[in-house]
Amino acid sequence: MNHMIKTKFITMLALILLSGVVFSHENDTAKEAKSKMFSGLETSAGKTVLAFHKALETGDAQTARSLLADDVLILEGKGVERSAQEYASHHMLSDMKYLKAMTITSLEHHINQLNNVAISIARSSVKGTYKDKNVDRIGNETITLMKLNDTWKITHIHWSN
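Here's a quick rundown of the structure. (Residues numbered from 1 in each chain as written. Predicted model: local features only at pLDDT ≥ 70, side-chain atom pairs only at ≥ 80, totals over all residues. Heavy atoms only, no water.)

**Focus on the nonpolar core**
Here is step 1: Counting residues in each nonpolar core, the largest one holds 27 residues, and the members touching the most others are Phe52, Leu56, Leu68, Ile154 and Ile157.
Here is step 2: If you list the elements that add at least two residues to this core, you get helix H3 (44–58), strand E2 (68–76), helix H5 (84–89), helix H6 (92–100), strand E4 (102–114), strand E5 (117–130), strand E6 (133–148) and strand E7 (151–160).
Here is step 3: The greatest single-element share of this core, amounting to five residues, is contributed by H3.
Here is step 4: With residues up to four places along the chain from it excluded, the contact list for Ile157 reads Phe52, Leu68, Leu73, Ile74, Leu75, Thr142 and Ile143. (Core = buried A, V, L, I, M, F, W, Y, C linked by side-chain atoms within 4.5 Å. Buried < 20%, exposed > 50% of the residue type's maximum accessible area, 1.4 Å probe, protein only. Helix = DSSP H or I, 4+ residues; strand = E, 2+ residues; numbered from the N terminus. Contact = heavy atoms within 4.5 Å.)

**Focus on the sheet that holds E7**
Here is step 1: In space, the seven strands of this open sheet follow the order E1-E4-E5-E6-E7-E2-E3, with mixed pairing throughout. The open sheet has two free edges, formed respectively by strand E1 (38–39) and strand E3 (79–81), since each of these has just one partner strand. (Pairing = 2+ DSSP bridges.)

**So, the packing of aromatic side chains**
Here is step 1: Throughout the structure, instances matching the rule amount to two aromatic pairs.
Here is step 2: Here Tyr87 and Trp159 contribute two aromatic rings whose centre-to-centre distance is 6.2 Å and whose plane-to-plane angle is 45°, an arrangement assigned as tilted. Of the two residues, Tyr87 sits in helix H5 while Trp159 sits in strand E7, which places them 72 residues apart along the sequence.
Here is step 3: Accessibility expressed as a relative area gives 14% for Trp159, which makes it buried. (Phe/Tyr/Trp six-rings, centres within 6.5 Å; stacked < 30°, edge-to-face > 60°.)

**A few points about the pattern of salt bridges**
Here is step 1: This model, assessed by the stated rule, comprises two salt bridges.
Here is step 2: For Asp70, the salt bridge is made with Arg65, and the minimal N-O distance between the two is 2.8 Å.
Here is step 3: With relative accessibility at 57%, the residue Asp70 sits in the exposed group.
Here is step 4: Under the relative-accessibility criterion, Arg65 is labelled partly exposed at 24%.
Here is step 5: A salt bridge links Glu108 to Arg123; the shortest N-O distance between them is 3.7 Å. Of this pair, Glu108 sits in strand E4 while Arg123 sits in strand E5, and the two are 15 residues apart along the sequence.
Here is step 6: Residue Glu108 is classed as buried on the basis of its relative accessible area of 8%.
Here is step 7: The exposure class of Arg123 is partly exposed, given its relative accessible area of 32%. (Salt bridge = Lys/Arg side-chain N within 4 Å of Asp/Glu carboxyl O.)

This is the structure in structure tokens:
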């Protein structure tokens, strides 16, 4: 599939899947409300996303790279990386150093898996000190995955704060 068409298809699918996410009602207990903030993490696609997060946070570059499709498209801030090789040779190591210095608390995370495509939408609190600067922000992340040869691969990441 042409990369541009695939990206548009994945974006449209993400919007459709996101419209089905259910948020907590005002009268729910705190525990029930929190449970509605997390869904799909137990799916095989969810386990891939969680393994990717863990690999980045622990500095496991080999595992992080192995979970990315070769033609992954990564958008962060004003930057773009158009392959796993480009990310692995540029920003991956600095992302790992940054994440090691941070305390990350997952605030919300939904993974919707439909056949061979999955979308992960997450929000996290990121706090710590990096390069002598205090960090206290909310990070947003969208990850798209495709099942290729019975293996989930991350095909797109969009990070923002």
